[in-house]
Amino acid sequence: PPPAAAPPPGYSAPPPGYSAPPPAAAPPPAYSAPPPAAAPPGYSAPPPAAPPPGYSAPPPQYSAPPPPPPAAAVALPPGWQKFQDASGRAYYSSPSGTTQWDPPATQAAPPPPPVPAPPPVHPLPPGWQELRDPASGRIYYVNASTGQSRWDRP
């Protein structure tokens, strides 16, 4: 071994039996993938994967579906703006500065047209009652004084 160097000022020599570490060994070789294994004697490499007997590749019309069309741009109300956060998720900012994840309503849908009034219903003649048939759910009419019943309104 080389002669021991004098210790730096303020340090003493190491106690007996202690010395400088041995010189560094050569670093291990860089990791690499192991070489491919050879097939055992009498065997060859496996054939490429093939469909089972009786099956073949799907016809071209059964390939992966085309990607969906890009989403239509959302028409924003005046003053609203669309932004994306760091993850790419869209959010919306209103003219007042508030933000929300959901797109704002563009405009209130016009109210539906008024439902036409049903035709005027004339009162039943005296003695007649309107009842519902429990089996069919249809309405029928009965005259309690005569015992007559009918489907059509009297």
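Heads up: the structure comes first, above all this text.
This one's a predicted model, so the numbers in the text were calculated from it and none came from an experiment.

Caption draft 1: Examining the packing of aromatic side chains more closely. Following the criterion strictly, the structure yields three aromatic pairs and no others. When the centroid spacing of 6.3 Å and the interplanar angle of 80° are considered together, the rings of Y91 and W101 count as edge-to-face. Linking Y91 in strand 2 (residues 90–93) with W101 in the loop between strand 3 (99–100) and strand 4 (128–132), this pair joins segments that are ten residues apart in sequence. Y91 gets classed as partly exposed once you look at its relative accessible area, which sits at 26%. Relative accessible area serves as the criterion here: at 42%, W101 is assigned to the partly exposed category. Taken together through their ring pairs, the aromatic side chains of F83, Y91 and W101 make up a single cluster. Residue placement shows R89 over the ring face of W101; its charged tip is 3.8 Å from the ring centre. One Lys or Arg, R138, reaches over the ring of W151 and ends 4.0 Å from the middle of that ring.

Caption draft 2: Main features of the pairing of strand 1 (residues 81–84). Relative to strand 2, strand 1 runs antiparallel, the two being bridged by four bridges. What sits directly across from F83, in strand 2, is Y91.

Scoring rules and cut-offs
- Residues numbered from 1 in each chain as written.
- Predicted model: local features only at pLDDT ≥ 70, side-chain atom pairs only at ≥ 80, totals over all residues.
- Heavy atoms only, no water.
- Phe/Tyr/Trp six-rings, centres within 6.5 Å; stacked < 30°, edge-to-face > 60°.
- Helix = DSSP H or I, 4+ residues; strand = E, 2+ residues; numbered from the N terminus.
- Buried < 20%, exposed > 50% of the residue type's maximum accessible area, 1.4 Å probe, protein only.
- Lys NZ or Arg CZ within 6 Å of the ring centre and 35° of its normal.
- Pairing = 2+ DSSP bridges.

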